[in-house]
Amino acid sequence: MRCVRVAALGLLGAFLVMPAVATGQTRVTFGPMGGLVLARFHGSDVGTQKTRTGFAAGGFAEVGLQRNLALDFQLLYIQKGAKADDPTLMAEETFTLDYIQIPALLKVMFETGGASHILPHVFVGPSLAFRSKCKLKATSGGTTVEATCSAAGLDIKSTDFSVIFGGG
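For the structure given in this document, a descriptive report is provided here. (Residues numbered from 1 in each chain as written. Predicted model: local features only at pLDDT ≥ 70, side-chain atom pairs only at ≥ 80, totals over all residues. Heavy atoms only, no water.)

## Quick look at the side chain of Asp98
Inspection of the secondary structure puts Asp98 in strand 4 (residues 91-109). Reaching out from Asp98, the side chain makes a polar contact with the side chain of Arg52 at a distance of 3.4 Å. (Helix = DSSP H or I, 4+ residues; strand = E, 2+ residues; numbered from the N terminus. Polar contact = N/O pair within 3.5 Å; in protein donor to acceptor, adjacent residues only side chain to side chain.)

So this is what it looks like as structure tokens:
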């Protein structure tokens, strides 16, 4: 079902871009992007944990459809995971999950009027991520042991689908 939704959103995006391309009014903007990532796991089976601090870096291509409407395609390297203290092993554990993430966002901008360069906006869209690294590190009494997720017997999916929304 997820594949059907992504395909439908992709077709919708293509139909939105076509009229703008046909009239020759499409503006395309490229640029770098990056930021801080604060990640941890959620769920009923997750114990106490600390936030893993990482980064996201990559770039974007924004395709203007109309004056206040655009499609924003991104390609990002993003670090996720979590940290936890394991009292049974008396160890601090770090779970590292890194992804190549590809969001496709619909962006709506709101004009503020006047000569202001501030352009508030909201965005929403699907994101597909491919795992590039998965490892577990445990430190106890000055000794550190590292293993890949598969070597540690963890069954982690190689892809991640999510919906992104926000504003700026």
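## Description of the pairing of strand 3 (residues 69-86)
In this structure, strand 2 (residues 52-66) lies alongside strand 3, joined through ten bridges in antiparallel fashion. In the strand pairing of strand 3, Gly59 is matched with Leu75. Following strand 2, the chain reverses through two residues before pairing antiparallel with strand 3. The pairing of strand 3 with strand 4 spans 16 bridges and is classified as antiparallel. Its bridge partner being in strand 4, Gly81 is matched across the sheet by Thr96. (Pairing = 2+ DSSP bridges.)

## Concerning the packing of aromatic side chains
How two aromatic rings sit relative to each other is given by the distance of their centres and the angle of their planes. Summed over all chains, the structure comprises one aromatic pair. Ring centres of Phe55 and Tyr77 lie 5.9 Å apart, and the angle between their planes is 40 degrees; on these two criteria the pair is classed as tilted. Of this pair, Phe55 sits in strand 2 while Tyr77 sits in strand 3; the two residues are 22 residues apart in sequence, bridging distant segments of the chain. Residue Tyr77 is classed as partly exposed on the basis of its relative accessible area of 27%. (Phe/Tyr/Trp six-rings, centres within 6.5 Å; stacked < 30°, edge-to-face > 60°. Buried < 20%, exposed > 50% of the residue type's maximum accessible area, 1.4 Å probe, protein only.)

## With respect to the pairing of strand 5 (residues 121-140)
The pairing of strand 4 with strand 5 spans 16 bridges and is classified as antiparallel. Bridge pairing in strand 5 links Glu93 to Ala138. In terms of strand pairing, strand 5 meets strand 7 (residues 159-167) through nine bridges, oriented antiparallel. Bridge assignment links Gly125 to a residue of strand 7, and that residue is Ile164.

## As for the nonpolar core
Listed in full, the ten residues of the largest apolar core are Val37, Ala39, Ala56, Ile78, Phe95, Leu97, Tyr99, Ala129, Cys134 and Cys149. Elements supplying a minimum of two residues to this core: strand 1 (27-39), strand 4 and strand 5. Examining the composition of this core, we find that three residues originate from one element, strand 4, more than from any other. Setting aside residues no more than four positions away along its own chain, Ile78 makes contact with Val37, Phe55, Ala56, Leu97, Asp98, Tyr99 and Gln101. (Core = buried A, V, L, I, M, F, W, Y, C linked by side-chain atoms within 4.5 Å. Contact = heavy atoms within 4.5 Å.)

## Some points on a nonpolar patch on the surface
Residues Leu75, Ile100, Ile102, Leu128 and Phe130 make up a contiguous nonpolar surface patch of roughly 390 Å² in combined accessible area. Elements that contribute at least two residues to the nonpolar patch include exactly strand 4 and strand 5. With respect to the helices and strands, Leu75 occurs in strand 3. (Patch = residues over 30% accessible without salt bridge, like charges linked within 9 Å, V, L, I, M, F, W, Y side chains within 5 Å. Areas by Shrake-Rupley, 256 points an atom, 1.4 Å probe, with all protein chains shown as cover. Salt bridge = Lys/Arg side-chain N within 4 Å of Asp/Glu carboxyl O.)

## Some details on the pattern of salt bridges
Overall, the coordinates contain seven salt bridges when judged by the stated rule. The salt bridge partner of Lys107 is Glu62, with a shortest N-O separation of 2.9 Å. Of this pair, Lys107 sits in strand 4 while Glu62 sits in strand 2, placing them 45 residues apart in sequence. In this structure, Glu111 engages Arg67 in a salt bridge whose closest nitrogen and oxygen atoms are separated by 2.3 Å. Of the two residues, Glu111 sits in the loop between strand 4 and strand 5 while Arg67 sits in the loop between strand 2 and strand 3, which places them 44 residues apart along the sequence.

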